[in-house]
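Remarks on the overall topology
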Amino acid sequence: MFTRIATFIYGVLCYLIFFGTFLYAAGFVGNLIVPKSIDSGVPAPIGEGLLINAGLLALFALQHSIMARPWFKRVWTRVIPEQAERSTYVLFSSLALIVLFWQWRPMGGVVWRVESQAFSIALYSVCAMGWLLVLISTFLLNHFDLFGLRQVYLFLIGKKCTPLVFRTPILYQHVRHPLYLGWLLAFWSTPVMTAPHLVFSIATTAYIFMAIQFEEKDLTDFHGESYRRYKKSVPMILPLKFGKGKASELTPEREAKSA
């Protein structure tokens, strides 16, 4: 029983760290409220800033993708309890972001600046919608499963954690990756695009499209033909259909969590 309680407490702490990191990320990217944001501080020399920031982004990308791969999970769960695997993934992702926030180097330079107050408000609104879309997308699937709470709770009460049924609710009927669409809106919608913000946005956009390839390969391997039909019927990021079918015709069997 001690192991179950300890694992549950561990999962809750990992979730709280994640949620605090998520909120800080919104302030970091938007230059709002937080003590250190993407543009705050004394600008570093351009070469130093690019090198350090690229390393921080690469660290997050490698951690986020490698730990999400099925082969890594199989090896990793020989070291840690299977019930804590998702919570540990969430924790390591949060820590990688915290390091990025801590060591990020501003570089100065403005790429664009919107002078219109109305347009600025519109861009801030789209940015806020992006963050909200990220959060909503997780709840449309299963927020607590995605971030490890469901697994540790079921372990606490002595129930087996069975995979969730794969669903394509609401937004997932229109795009395969509404969560990633939310990130893109949040990262690019700003009335003042500085050089470090542009570096961040370009790097994370490149990572998102790379991650989608890995994720969809895992999903195709797992679901087979049902996911191939889903890919053919539903656009990847933008809700624009060109001769695609209806997602409601698809019945994929299970959900696979990957990034």
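Residues numbered from 1 in each chain as written. Predicted model: local features only at pLDDT ≥ 70, side-chain atom pairs only at ≥ 80, totals over all residues. Heavy atoms only, no water.

This part covers the overall build of the chain. Helix and strand counts for the chain come out as 10 helices and 2 strands. Secondary structure elements of the chain occur, N-terminal to C-terminal, as α-α-α-α-β-α-α-α-α-β-α-α. Over its C-alpha atoms the chain spans a radius of gyration of 20 Å, differing by no more than 12% from the 18 Å that the globule rule assigns to 259 residues. With respect to the principal axes defined by its C-alpha atoms, the chain has extents near 55 × 50 × 30 Å. Counting every position in the chain, which comprises 259 residues, the buried fraction comes to 47%. (Helix = DSSP H or I, 4+ residues; strand = E, 2+ residues; numbered from the N terminus. Rg over C-alpha atoms; globule rule 2.2 N^0.38 Å. Buried < 20%, exposed > 50% of the residue type's maximum accessible area, 1.4 Å probe, protein only.)

Here we come to the packing of aromatic side chains. In total, this model carries 25 aromatic pairs according to the counting rule given. Their ring planes at 70 degrees and their centres at 6.2 Å tell us that Phe18 and Phe19 sit as a pair that is edge-to-face. Overall, the relative accessible area of 28% leaves Phe19 in the partly exposed class. Aromatic side chains Trp131 and Phe187 sit 6.2 Å apart centroid to centroid with 75 degrees between the ring planes, which places their arrangement in the edge-to-face category. Of the two residues, Trp131 sits in helix H5 (residues 117–141) while Phe187 sits in helix H8 (residues 178–188), which places them 56 residues apart along the sequence. You'll find Trp131 and Phe187 in the same group, each marked buried. (Phe/Tyr/Trp six-rings, centres within 6.5 Å; stacked < 30°, edge-to-face > 60°.)

On to the nonpolar core, then. Grouped together as the largest cluster of nonpolar side chains are 22 residues, with contacts concentrated most on Phe28, Leu100, Trp104, Trp131 and Phe200. For this core, the leading source of residues is helix H1 (residues 2–30), giving 6 residues. Setting aside its immediate chain neighbours within four residues, Phe200 contacts Val29, Ile38, Leu57, Leu100, Trp104 and Phe187. Ala96, Tyr180, Leu181 and Ile208 belong to the second-largest nonpolar core, a separate cluster that totals 12 residues. (Core = buried A, V, L, I, M, F, W, Y, C linked by side-chain atoms within 4.5 Å. Contact = heavy atoms within 4.5 Å.)

Here the structure, examined in full by the defined rule, presents 6 salt bridges. Arg69 is paired through a salt bridge with Asp218; the nearest N and O atoms lie 2.7 Å apart. In this pair, Arg69 is assigned in the loop between helix H2 (46–66) and helix H3 (70–76) and Asp218 in helix H9 (residues 195–223), connecting sequence segments 149 residues apart. Accessibility expressed as a relative area gives 8% for Arg69, which makes it buried. A salt bridge links Glu216 to Lys231; the nearest nitrogen and oxygen atoms lie 3.9 Å apart. A residue pair is termed long-range when its members are at least 10 positions apart, and Glu216 in helix H9 and Lys231 in helix H10 (residues 225–233) qualify at 15 residues. (Salt bridge = Lys/Arg side-chain N within 4 Å of Asp/Glu carboxyl O.)

What follows covers H8. All of the buried residues along H8 are Pro178, Tyr180, Leu181, Gly182, Leu184, Ala186 and Phe187. Where H8 is buried, its residues touch H1, H5, strand E2 (192–194) and H9.

Our next topic: the environment of Gly27. Looking at the secondary structure, you find Gly27 in helix H1. The buried category is assigned to Gly27, whose relative accessible area is 8%. Each C-alpha atom, one on Gly27 and one on Ser37, is 6.8 Å from the other, the two residues being 10 residues apart in sequence. Residues within four places of Gly27 in sequence aside, it is in contact with Leu32, Val34 and Ser37.

The next point concerns the packing of H1 against helix H4 (residues 85–103). With their axes 9 Å apart at the nearest point, H1 and H4 run at an angle of 35 degrees to one another. Two packed elements cross with a definite hand, and for H1 against H4 that hand is left-handed. Between H1, through Tyr10, Gly11, Cys14, Ile17, Phe18, Thr21, Tyr24, Ala25 and Phe28, and H4, the contact on the second element is made entirely by Ser87, Thr88, Val90, Leu91, Ser94, Leu97, Ile98, Leu100 and Phe101. Within the contact of H1 with H4, the residues separate by chemical class into 13 nonpolar, 5 polar and no charged. (Axes fitted to C-alpha atoms, helices over the stretch in contact; angles between N-to-C directions. Left-handed = near helix turned anticlockwise from the far one by under 90°. Nonpolar A, V, L, I, M, F, W, Y, C, P; charged D, E, K, R; others polar.)

It is worth spelling out the side chain of His177 at this point. Tracing the backbone through its elements, the reader meets His177 in the loop between helix H7 (149–156) and H8. Not counting residues up to four positions away in its chain, the partners in contact with His177 are Ile212, Glu215, Glu216, Tyr227, Met236 and Ile237.

So, about unusual backbone geometry. Even without a glycine there, the phi angle at Ile33 is positive, about 70 degrees. Assessed through its relative accessible area of 90%, Ile33 is described here as exposed. Look at Ile170: it is not a glycine, yet its phi comes out positive at around 45 degrees. By the element assignment, Ile170 lies in the loop between H7 and H8.

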